[in-house]
Amino acid sequence: MAAERRPSSPPTGVLFVPVSGGAGSGELQRARMLARGLRQLDRSLPLSIAAGGEWREEGVRQWPLPQSPTHCTAEVLAAIRTLRPAVVLFDSTARHAQLKAARDSGALVVYLSSRASARRRGFRWRVLSCLDAHWSIEAALDHTLPSWWQKQLLRWHSRVAWQSFGVLHEPPAPQAWPAPLAEWIAAHPDFVLYCPGGGGARIAGERAADVYRRAAQAQAARGRASLLVDGEAAAWQSTGSYACSGPLPNAALMACVAAARLAVLNGGSLLLQALALGKACVGAALMPDQPARLAALDRRGAVLKVAPEAAALAAAAERIAAEPALATSLRSAAAGLDLSNGYNRMLAMLQRRAAPLEATIGVGPP
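Residues numbered from 1 in each chain as written. Predicted model: local features only at pLDDT ≥ 70, side-chain atom pairs only at ≥ 80, totals over all residues. Heavy atoms only, no water.

**Student:** Hey, could you go over a nonpolar patch on the surface for me, with residue numbers and the actual values?
**Tutor:** Side chains of Trp125, Trp148, Trp149 and Trp156 sit close together on the surface and give an oily, nonpolar patch of about 590 Å² of accessible area. Of the residues forming the nonpolar patch, the biggest block, 3 residues, is contributed by helix α6 (residues 148-156). Mapped onto the elements of the fold, Trp149 is located in helix α6. A relative accessible area of 46% places Trp149 in the partly exposed class. (Patch = residues over 30% accessible without salt bridge, like charges linked within 9 Å, V, L, I, M, F, W, Y side chains within 5 Å. Areas by Shrake-Rupley, 256 points an atom, 1.4 Å probe, with all protein chains shown as cover. Salt bridge = Lys/Arg side-chain N within 4 Å of Asp/Glu carboxyl O. Helix = DSSP H or I, 4+ residues; strand = E, 2+ residues; numbered from the N terminus. Buried < 20%, exposed > 50% of the residue type's maximum accessible area, 1.4 Å probe, protein only.)

**Student:** Tell me about the environment of Leu77, and please be specific about residues and values.
**Tutor:** Looking at the secondary structure, you find Leu77 in helix α2 (residues 73-83). The spatial distance from the C-alpha of Leu77 to the C-alpha of Val167 is 30 Å, given a sequence separation of 90 residues. If near-sequence neighbours (up to four positions away) are discounted, Leu77 is found in contact with Ala97, Gln98 and Ala101. (Contact = heavy atoms within 4.5 Å.)

**Student:** Which residues make up the packing of helix α9 (residues 250-259) against helix α10 (residues 269-276), and what values go with them?
**Tutor:** The geometry of α9 relative to α10 is characterised by a closest axis approach of 10 Å and an angle of 55 degrees between their N-to-C directions. Classified by the angle between their axes, α9 and α10 sit oblique to one another. Every pair of crossing elements has a handedness; the one defined by α9 and α10 is right-handed. Contact with α9, carried on its side by Asn250, Leu253, Met254 and Val257, involves Leu270, Gln273 and Ala274 of α10 and no other residues of that element. (Axes fitted to C-alpha atoms, helices over the stretch in contact; angles between N-to-C directions. Parallel < 35°, antiparallel > 145°, perpendicular 65-115°, else oblique. Left-handed = near helix turned anticlockwise from the far one by under 90°.)

**Student:** Mind laying out the pattern of salt bridges, listing which residues take part and the relevant values?
**Tutor:** Summed over the entire model, instances satisfying the criterion amount to 20 salt bridges. In this structure, Glu27 engages Arg115 in a salt bridge whose closest nitrogen and oxygen atoms are separated by 3.1 Å. Linking Glu27 in helix α1 (residues 26-41) with Arg115 in the loop between β5 (108-113) and α4 (116-121), this pair joins segments that are 88 residues apart in sequence. Comparing Glu27 with Arg115 shows no difference in burial state: the two are buried. Here Arg293 ties to Asp289 by a salt bridge, and the two come within 3.6 Å at their closest N and O atoms. Here Arg293 falls in the buried class, since its relative accessible area comes to 14%.

What follows is the structure, encoded as structure tokens:
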């Protein structure tokens, strides 16, 4: 009888499958951020991202998709079959066929959610049957799973490990600033940061970044140094106290947040990252999942919630700049949220499980 053939090498590395394909999407940026961190920890790990769009990350393989992986099951299955990762991390996308293929391949299957709607997808019965772990960066303010029914589902699927990671961001790195940005900040240390985030949000049919641009320029005209970070801007622009930067790596953006007097943001992940850094923030809801989060933060006094309009954004920034007691109150409330950064903890868990499976026997689920 012929000896049973075994693969020449065990599964290794991580495959990230973020729900959206556009270069500005939060899920893709999160995958790139985690891949960068893992590469710094271990350059030998194979790291891949199945996504569309025009982007490049050194040391990370792009498995191109024609659109969101939600609609590309054949391509995702091909990636799992070809790359043979030890871990597949699905960020907010939960197609049963893809999850099952990852599980059948011997990979550890992790689902990552950052908002209630994505969390619900991760608690579908057929999805739970394929998962090893569900990781949340929804920033539940009590750090527990908020749904009673979902807690019951975890009892029936006890092998699925649910964990809250608070927020997720790279450590602020001002050394990652491009030279023109570093020079402008050195000349305008008391600046206000304006950033609507990625994802192509629109306000009444207009690009959100253009609405934020008008607010920033209005403040600059009043003598308040204002920096806009626009993910679609082609080049650096600066006219005195107003400046506009194109997309920045997360570490560089976090350094902008940390350095700013205050931040005028959206109601998504970027806002939570800024609050975790103890920043006084103005927040406007730009996506369907953001009003509820902003309302909860506003009730706690941790953010100044405003309408997504240029005049309202500028007025809120002016109010905080003119009222030191309000800025102090916002920072104090932000600190009271206890939003810890789970970045290093998540990297350590991924690294430990991304080694060949033969080296992780006895480790258990994530």
